[in-house]
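Each chain, letter by letter, is given below.
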Amino acid sequence: GTDGTGRRDPLLPPPLGRPAGPSSRSPAAMLLVAAGLLLAVAAGGRGSPAGEQESPPGSRFVCTSLPLEAAGSGCPLPPVPMQGGALPPEEELKATVLQLRETVLQQKETIGSQRDAIRELTGKLSRCEGTDGKWKNEVGKGKDTMGDLPRDPAQVIDQLSRTMQTLKDRLESLEHQLRANVSYAALPSDLREMLQRRLGDLERQLLSKVAELEDEKSLLHNETSAHRQKTETALNALLERVSELEKGNSAFKSPDEFKVSLPLRTNYLYGKIKKTLPELYAFTVCLWLRSSASPGIGTPFSYAVPGQANEIVLIEWGNNPIELLINDKVAQLPLFVSDGKWHHICITWTTRDGMWEAFQDGEKLGTGENLAPWHPIKPGGVLILGQEQDTVGGRFDATQAFVGEMSQFNIWDRVLKAEDIMNIANCSINMPGNIIPWVDNNVDVFGGATKWPVETCEERLLDL
């Protein structure tokens, strides 16, 4: 075997079975040596074009002689067509050598055409590199293709086509920009500055006008919404009042001139307010009541909601003083109404710091704070007269029932002024509640509770 320079590779042993001298080689060995030389020439032709790249260091071709009978399995030779029967060994070897020579010539032609294509591609790549320094990233994804060309020339050509198309598009874009800049730059500098200032002023004026229009639109929308809400509220209140008057075939002189009588301490006599409460952050409850029961007057009213049976409760149970419960929190009130006479009671409360006030017959007798502070009254509950609720609308306890009479039960969604409460108590004004008014059609009675015409306000006042 040789390393391509004619020198024998010292690392290889001489061929087995025969001396290393040239005179001792058989025809088969000569054939294998010739084939090895031809393959070495072909391998040398696959090197870099025009001496531009040396063979990789450490790479070489090694040829080893094999017996003729082993050539079919180790290095298969192309079959030689047989003409007119078997040929002598010398003729057979000669035909084989001629066929190998033709194969080598074809390979040389192929290598030459590939070398020309590589030179052309290398020139194109050099021109692309001078045009755009980023061609390596576009073609080889950061790979140095000048030192390691792809094996498939079609792939390189396709990549170059895409690169050239990209460069063409960028050039057309630059030309369009250049034409625009030239047409604009042809104007005098003073005129350009004036046009720029004018355009800036117009743009600012337009933006200012748009902002003003948006503000006017928002203001108009808010005013319209507020006006519509007020109108709807007034109409709803008017419709409710008209509906109450239309339904009120009351036996009383006026829809509010009646009282509810609860004569026995049972767990089935009670009155029920048909309306419910909205969410409240403050309220005022006023009513006239008369009771001579002892010990304690029981529960004049209770308001229960799902999850909280003691949302609002006024109760006097046993020997305890009158208590106001809000969200199951308790405040004791300095009220005394169990003397069998009519008394006017008012209670105010606000979620702000849980402030409360207690009025009896128009006079403020007590005030306090921290009663369920910052807790809004929940909506959608049940309001019962005369019984304390352990569940919403039921589970009454006879020992907590109210015994006596009550009238003019009104609820407002605000804290009334002390002078308004005084005027209501001394019969100067008649102020129905804006949340729960005392109206015949709004109160139902159950279990033997009854409605009767009530004494006039002046008669109740004389009873004090």
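Residues numbered from 1 in each chain as written. Predicted model: local features only at pLDDT ≥ 70, side-chain atom pairs only at ≥ 80, totals over all residues. Heavy atoms only, no water.

You'll find the chain entered in an unreviewed UniProt entry as NPTX2 protein, with Xiphorhynchus elegans given as the organism.

(A) Summary view of a nonpolar patch on the surface. Side chains of L191, M194 and L195 sit close together on the surface and give an oily, nonpolar patch of about 230 Å² of accessible area. By the secondary structure assignment, M194 is in helix α6 (residues 189-247). M194 gets classed as partly exposed once you look at its relative accessible area, which sits at 44%. (Patch = residues over 30% accessible without salt bridge, like charges linked within 9 Å, V, L, I, M, F, W, Y side chains within 5 Å. Areas by Shrake-Rupley, 256 points an atom, 1.4 Å probe, with all protein chains shown as cover. Salt bridge = Lys/Arg side-chain N within 4 Å of Asp/Glu carboxyl O. Helix = DSSP H or I, 4+ residues; strand = E, 2+ residues; numbered from the N terminus. Buried < 20%, exposed > 50% of the residue type's maximum accessible area, 1.4 Å probe, protein only.)

(B) A look at the pairing of strand β12 (residues 404-412). Burial analysis of β12 places nine of its nine residues in the buried class, the great majority of the element. Strand direction decides the pairing type here: strand β1 (residues 258-262) and β12, joined by four bridges, are antiparallel. Within the sheet, the bridge partner assigned to S261 lies in β12 and is E405. Looking at chain direction, strand β3 (residues 282-290) and β12 are connected through six bridges and run antiparallel. The partner of C286 across the bridge, within β12, is N410. (Pairing = 2+ DSSP bridges.)

(C) Looking closely at the environment of A372. Within the fold, A372 resides in the loop between β10 (363-368) and β11 (382-385). Contacts of A372, omitting those with residues within four sequence positions, involve I326, N327, K329 and W349. (Contact = heavy atoms within 4.5 Å.)

(D) Inspection of the pattern of salt bridges at higher detail. In this structure the tally under the stated criterion is nine salt bridges. Close ionic contact of R119 with D116 constitutes a salt bridge, the shortest N to O distance being 3.1 Å. Taken together, the positions of R119 and D116, both in helix α3 (residues 89-131) and three residues apart, correspond to about one turn of that helix. Taking the relative accessible area as the measure of exposure, R119 reaches 38% and is therefore partly exposed. Between K274 and D444 there is a salt bridge, with the nearest N and O atoms lying 3.7 Å from each other. Taken together, the residues K274 in the loop between β2 (270-273) and β3 and D444 in strand β13 (residues 443-446) connect sequence positions 170 residues apart.

(E) Representation of the nonpolar core in the model. With 43 residues, the main nonpolar core has L333 and F409 as its most contacted residues. Apart from residues lying up to four places away in sequence, L333 is in contact with L314, P321, I322, L324, I347, W356 and A358. Core analysis: the second largest hydrophobic core is formed by seven residues, C286, C346, F359 and W412 among them. (Core = buried A, V, L, I, M, F, W, Y, C linked by side-chain atoms within 4.5 Å.)

(F) Here's a closer look at the sheet that holds β12. The strand order across the open sheet built from seven strands is β10-β9-β8-β3-β12-β1-β14, with neighbouring strands paired in antiparallel fashion. Each of the sheet's edge strands pairs with one partner strand only, and the pair in question is β10 and β14 (450-453). Taking each pair of neighbouring strands and ignoring which way they run, the sheet shows an average axis angle of 25°. Bridge count for strand β8 (residues 343-350) against strand β9 (residues 355-360) is six bridges, and the pairing is antiparallel. Bridge assignment links T348 to a residue of β9, and that residue is E357. The strands touched by helix α7 (residues 418-425) within the sheet are β3, β8, β9, β10 and β12, with β8 carrying the most contacts at an inclination of about 160°. (Axes fitted to C-alpha atoms, helices over the stretch in contact; angles between N-to-C directions.)

(G) Structural detail: unusual backbone geometry. Of note in this structure, D353 is not a glycine but carries a positive phi near 65°. Position of D353 relative to the elements: it lies in the loop between β8 and β9. With relative accessibility at 38%, the residue D353 sits in the partly exposed group. Even without a glycine there, the phi angle at Q408 is positive, about 55°. Considering the arrangement of structural elements, one finds Q408 in strand β12. Relative accessible area serves as the criterion here: at 13%, Q408 is assigned to the buried category.

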